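The lines below spell out each chain.
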Amino acid sequence: MDLLWLVPTLPLAGFLVLLVAGLFVSEDRPRKWFCGIVGAGSIGLSALVALMVGMDYYAAGAEPTSYFLWTWMEVGGFTPGIRLYLDGLSLVMTGVITGVGFLIHLYATGYMWDEEGYSRFFAYMNLFVFAMLMLVLGDNLLVLFLGWEGVGLCSYLLIGFFHKEPENGYAARKAFVVTRVGDTAMLLGLFLLFREVGSIEVQAAMAGARELWPDGSTTVTIIALLLLGGAVGKSAQVPLQTWLPDAMAGPTPVSALIHAATMVTAGVYLIARTHDLFLLSTTAQFAVAAVGLVTLFISSFTALAQRDIKRVLAYSTMSQIGYMFLALGVGAWSAAIFHLMTHAFFKALLFLASGSVILALHHEQDMFRMGGLWKKLPIPFASMLIGSIALAALPFTSGFYSKDAIVLASFEYSSVFWAGAATAAFMTALYTTRMMVLTFFGETRTEPHDHSRINMWGPLLVLAVLAVGGGWYGLDAVSSVLPDGGIGEQDHFSAVAILTMGAPLLGIVLGYLIFYGRQPSSEGAPLAGERRLDRLVQSPAGNAIRRFWFGGWGFDVLYDRVFVGPFVWFARLNKRDGVDFVYTAAAGITRGFHHLVALTQSGHLRWYAANMALGLLAAFAIVLVALS
Amino acid sequence: MSAVAVPLEHVLFVAAVLFLIGFVGVLVRRNVIFLLMSLEIMMNACGLAFVAAGARWGQPDGQIMFMLILALAAAEVAVALALVLQLERRFSSLDIDTASELNG
């Protein structure tokens, strides 16, 4: 039963229907119902079809299959086909995208109810799901790139969804431009791969690469590094990470779907999909691991200093994707995809729960103005608590299984990487505790008004179950696709494993001791008190570090100085366009001659007559001179 | 026809002088009426040259040309006087230099 084509088609159809529906401008209740049903329903159906396809896939013996739809174009000998490729990896990704995507859509029907542009929102969201599915299902790097750019476009549109605020437009442009830097690198990588191997069908290209460079080469390293550039841009890793925190300007369901669960993990998918290239180049693989480690280190410290709850989660997303990159780099491919899946569950849950809090507080995102909400918002509190313990990787939650696999695998790679990963796990627990304490405990600073209905807390419930239980059964689906053959059995009782497990517990205990029971001071310091630790935080050095972390380690300032500033300066300098000068000069010279000649046309009849006579005389003179 | 034969050169000299007088008149006079009269003198200078040339060669073509010039002069006067009236009406002046709006 070849229903796979329906999986991306349904969201596309939903997008088209909503696009037409959006033409009729009234925003009344029946129309909102219609938009909600079409928007969430198309993804729900798509998820059902994906489930059926998955069952068929296993019933047929889990053989990777390629479905040919049609030939995209024929140029010379180059005939890229629109093909869908189903194997364990794309199946897992499809499941996450449609499943988590459906829950987020369902949630969004409630969250966005009072917002303007209801149908526009769901149209963009459906288009996004379509593009993301094309990205993961494409059997062809060109189709993959189509999806890649499609999700980038939808990300841009949805970050700037509240387009009446100029800052949101700025954030959207920033996200688009920064990821574009990575996309350019990726495109160059694809060109180079095509030139060397002669194919952009994923499987053929990978086989060709293995054949062409059995022992690796500089070329394959360059290709892999260029692809890594694309992945780094899309997945918000250092040094292209600056767009993600600003992307939180979008509505919270967008943050949950695009900037936590699916799009930002596209880079991880890309590297896993082209893993042959990275296996051929130890340099590139080391670069992947290093990027992951640096990102997860930087972002987990940054998350500790944020005030905005969504920015905490954004930095947390960056650091969790850093874990995935680390896993890819150290060769724990399956663990990376496993963490991708569990992260999609618990981070979507955290975002949606924080969305409920934000909505109940009338779009208040500053954690220092929250507090004491646990009794008043029990469902968001419970969801957020479950998401947090999964994020902090407490034992028996989904995050524990995946993160443990990564951290332990990094120990086998290098103890330095393990130390970094374990420290970041500790920091993760610390900032998660801080977030929970600031948001839900202490005294109430803003009174909540919760109006959420089943379409909002239902998804929270399902995601909470997934966040806890999503990791219990491991992830066998990808074992046949990825080179490490699935997640190995870990020894949870070795010294390293116990240390790894203990790091988040230590973080939580320390976080409780530091943050619990104290109010943040008004000028933004995270705590105000008389204890020694408080004095340390309040000291000038402590304040400087806090500001440094708050600003994301100065990357924004650095990029403003190094790239944006000179660019704007040069743009100002070149306002009149140097190249244009050639053309304006040509026009100017012509005009000058015109004015010169126009002087002779004075309108004075007698002047003309005199000139005629002079001309005649001149003609006579010439003739006479010529004759004599 | 063998009366006193005026040499052709004399007649042509007179015609050239007349033509120059007319032309200078066109250049220096600003009143349209005088301008037209100067034009008339120039045309008559041409006519004189034609007639003299015709007489010199003993052919009627010169006189026929003069007849044509007369017809031309009559037509010119008819059109030009209408223009003069318009000029007077539009600019309240007969100065040809006031009608110099068609300039570059």
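Refer to the preceding data block for the structure.
Anyway, here's the lowdown on the structure attached to this text.

Conventions we followed
Residue numbers here run from 1 along each chain, matching the order of that chain's written sequence. Throughout, the order in which chains and ligands are written sets their labels, letters from A for the former and numbers from 1 for the latter. For this predicted model, a pLDDT threshold of at least 70 governs which residues receive local features, and a threshold of 80 or more governs which side-chain atom pairs are given and counted, while totals over whole chains, interfaces and linings are taken from all residues. Hydrogens are left out, water is left out, and the side-chain values use all remaining heavy atoms of the structure. Under the scheme used here, helices are H or I runs from DSSP no shorter than 4 residues and strands are E runs no shorter than 2 residues, and both carry numbers assigned from the N terminus. In this analysis, two residues are considered to be in contact whenever any of their non-hydrogen atoms come within 4.5 Å of each other. For every accessible area listed, the method is Shrake-Rupley and the probe measures 1.4 Å; residues are considered covered only by the protein chains on display. Residues scored as charged are limited to Lys and Arg (positive) and Asp and Glu (negative), so that His and the chain ends carry no count. By convention, charge coordinates are those of NZ in Lys, CZ in Arg, CG in Asp, or CD in Glu. By nonpolar core we mean a set of buried residues, namely Ala, Val, Leu, Ile, Met, Phe, Trp, Tyr and Cys, connected to one another through side-chain atoms within 4.5 Å. Buried residues are those whose accessible area, probed at 1.4 Å on protein chains only, stays under 20% of the maximum for their type, while exposed residues exceed 50% and partly exposed ones sit between those limits. To get an axis, a line is fitted to the C-alpha atoms, and for a helix only the part in contact is used. The angle between two axes follows their N-to-C directions and goes from 0 to 180 degrees. Any angle between 65 and 115 degrees counts as roughly perpendicular, while under 35 counts as roughly parallel, over 145 as roughly antiparallel, and the rest as oblique. Any carboxyl oxygen of Asp or Glu within 4 Å of a side-chain nitrogen of Lys or Arg constitutes a salt bridge here. In short, buried area is how much 1.4 Å probe accessible area vanishes from two parts on joining, totalled over both. Within 3.5 Å is the distance limit for a polar contact, defined as a pair of N or O atoms, with the added protein rule that one can donate a hydrogen and the other accept it, and that residues adjacent in sequence qualify only through two side-chain atoms. Gly falls in the polar group here, along with every residue not listed as nonpolar (Ala, Val, Leu, Ile, Met, Phe, Trp, Tyr, Cys, Pro) or charged (Asp, Glu, Lys, Arg). The sense of a crossing depends on the near helix, which, turned anticlockwise from the far helix by less than a right angle, makes the crossing left-handed and, turned clockwise, makes it right-handed. Pairs of cysteine sulfur atoms within 2.5 Å are identified as disulfides in what follows. Only Phe, Tyr and Trp rings are paired, with Trp represented by its six-membered ring, and only when their centres lie within 6.5 Å; those with planes under 30 degrees apart are stacked, over 60 edge-to-face, the remainder tilted.

Next up on the list: the overall build of chain A. The secondary structure content of chain A amounts to 25 helices and two strands. Its C-alpha atoms give chain A principal-axis dimensions of about 120 × 60 × 55 Å. Sequence separation of at least 24 residues holds for 79% of the intrachain contacts in chain A that already meet a minimum separation of 6. Of the roughly 26,900 Å² of accessible surface on chain A, a fraction of 70% belongs to carbon and sulfur atoms. Measuring between centres, the 36 positive side-chain charges of chain A sit 13 Å from its 40 negative side-chain charges.

The subject of this paragraph is the nonpolar core. Counting residues in hydrophobic clusters, the biggest one holds 194 residues, and the most contacted among them are A:Phe278, A:Phe325 and A:Ile337. Once residues lying within four places of it in the same chain are set aside, the contact partners of A:Phe325 are A:Leu228, A:Ala231, A:Val232, A:Ser235, A:Gln237, A:Gly267, A:Val268, A:Ile271, A:Val288, A:Ala289, A:Val291 and A:Gly292.

Another aspect to go through is the packing of helix α16 (residues 378–391) of chain A against helix α18 (residues 415–440) of chain A. Packed helices, taken two at a time, are described by their axes: the angle between them and the distance between them. Residues and elements named next belong to chain A. Direction vectors running N to C along α16 and α18 enclose 170°, while the axes themselves pass 9 Å from each other. As far as their axial angle goes, α18 and α16 are roughly antiparallel. Contacts between α16 and α18 involve Pro380, Phe381, Met384, Leu385, Ser388 and Leu391 from the former and Thr428, Tyr431, Thr432, Met435, Met436 and Phe440 from the latter.

For the rest of this paragraph, the subject is the pattern of salt bridges. Residues and elements named next belong to chain A. Summed over the entire model, instances satisfying the criterion amount to 15 salt bridges over all chains. The closest approach of N and O atoms between Glu201 and Arg83, which form a salt bridge, is 3.8 Å. Taken together, the positions of Glu201 in the loop between α6 (166–197) and α7 (202–212) and Arg83 in strand β2 (residues 81–86) put the pair 118 residues apart, joining distant regions of the chain. When its relative accessible area of 27% is taken as the criterion, Arg83 is described as partly exposed. Here Asp87 and Arg273 are joined by a salt bridge, their closest N and O atoms 2.9 Å apart. Residue Asp87 is found in the loop between β2 and α3 (88–111), and its partner Arg273 is found in helix α11 (residues 266–273); the two are separated by 186 residues along the sequence.

Residues and elements named next belong to chain A. Examined against the element boundaries, Ser199 turns out to sit in the loop between α6 and α7. What makes Ser199 buried here is its relative accessible area of 15%. Ignoring any residue separated from it by four or fewer positions in sequence, one finds Ser199 in contact with Phe194, Ala204 and Ala205.

Before going further, it helps to spend a moment on the interface of chain A and chain B. Between chain A and chain B, the residue contacts involve eleven residues of the former and 14 residues of the latter. Across the chain A to chain B interface the summed buried area is about 960 Å²; carbon plus sulfur atoms make up 58%. Across the chain A-chain B interface, the total number found is one salt bridge. In this structure, B:Asp97 and A:Arg606 form a salt bridge, with 2.7 Å as the shortest nitrogen-oxygen distance. Inspection of the chain A/chain B interface yields two residue pairs in polar contact (both at pLDDT 80 or more). Counting residues per element, the side of chain A that touches chain B draws most heavily on helix α25 (residues 605–627) of chain A, which supplies six residues. Of the residues belonging to the side of chain A that touches chain B, the class tally is six nonpolar, four polar and one charged.

Now for the packing of helix α14 (residues 309–330) of chain A against helix α17 (residues 398–413) of chain A. All names here are of chain A. Across the interface, α14 lies against α17 with an axial gap of 9 Å and an inter-helix angle of 45°. Taken together, the axis directions place α14 and α17 in an arrangement best described as oblique. Handedness of the α14/α17 crossing: left-handed. Here Gln320, Tyr323, Leu326, Ala327, Gly329 and Val330 of α14 lie close against α17, whose contacting residues are Lys403, Ile406, Val407, Ala409, Ser410 and Tyr413. Here the residues of the contact of α14 with α17 are counted per class, giving eight nonpolar, three polar and one charged.

What follows deals with unusual backbone geometry. Residue and element names in this part refer to chain A. The residue after Val238, namely Pro239, is reached through a cis peptide bond having omega 10°. Its location among the elements puts Pro239 in the loop between α8 (218–234) and α9 (243–246). One non-glycine residue, Ala236, lies in the positive phi region at around 55°. If you trace the backbone, Ala236 turns up in the loop between α8 and α9. Assessed through its relative accessible area of 0%, Ala236 is described here as buried. With a phi angle near 60°, His363 is a residue other than glycine that sits in the positive phi range.

All names here are of chain A. Taken as a whole, this structure holds zero disulfides over all chains when the rule is applied. Among the cysteines around Cys35, which has no disulfide bond, Cys154 carries the closest sulfur, lying 17 Å off. Residue Cys154 is classed as buried on the basis of its relative accessible area, which comes to 1%.

What follows deals with the packing of aromatic side chains. Residue and element names in this part refer to chain A. In total, this model carries 21 aromatic pairs over all chains according to the counting rule given. Where Phe297 meets Phe301, the ring centres are 5.2 Å apart and the plane angle is 55°; that geometry is what we call tilted. Highlighted residues: Phe297 and Phe301, both in helix α13 (residues 282–303), separated by four residues, approximately one helical turn. Each ring, one from Phe555 and one from Tyr559, has its centre 5.9 Å from the other, and the planes form 65°; the classification is edge-to-face. Pair noted here: Phe555 and Tyr559 are both in helix α23 (residues 555–573), with a separation of four residues, about one helical turn. Taking relative accessible area as the criterion, Tyr559 reaches 17% and is therefore assigned buried.

All names here are of chain A. One can find Gly99 in helix α3. Accessibility expressed as a relative area gives 26% for Gly99, which makes it partly exposed. Placed 492 residues apart in sequence, Gly99 and Arg591 show a C-alpha to C-alpha distance of 67 Å. Non-local contacts of Gly99, meaning those with residues more than four positions away in its chain, are made with Ala47 and Thr94.

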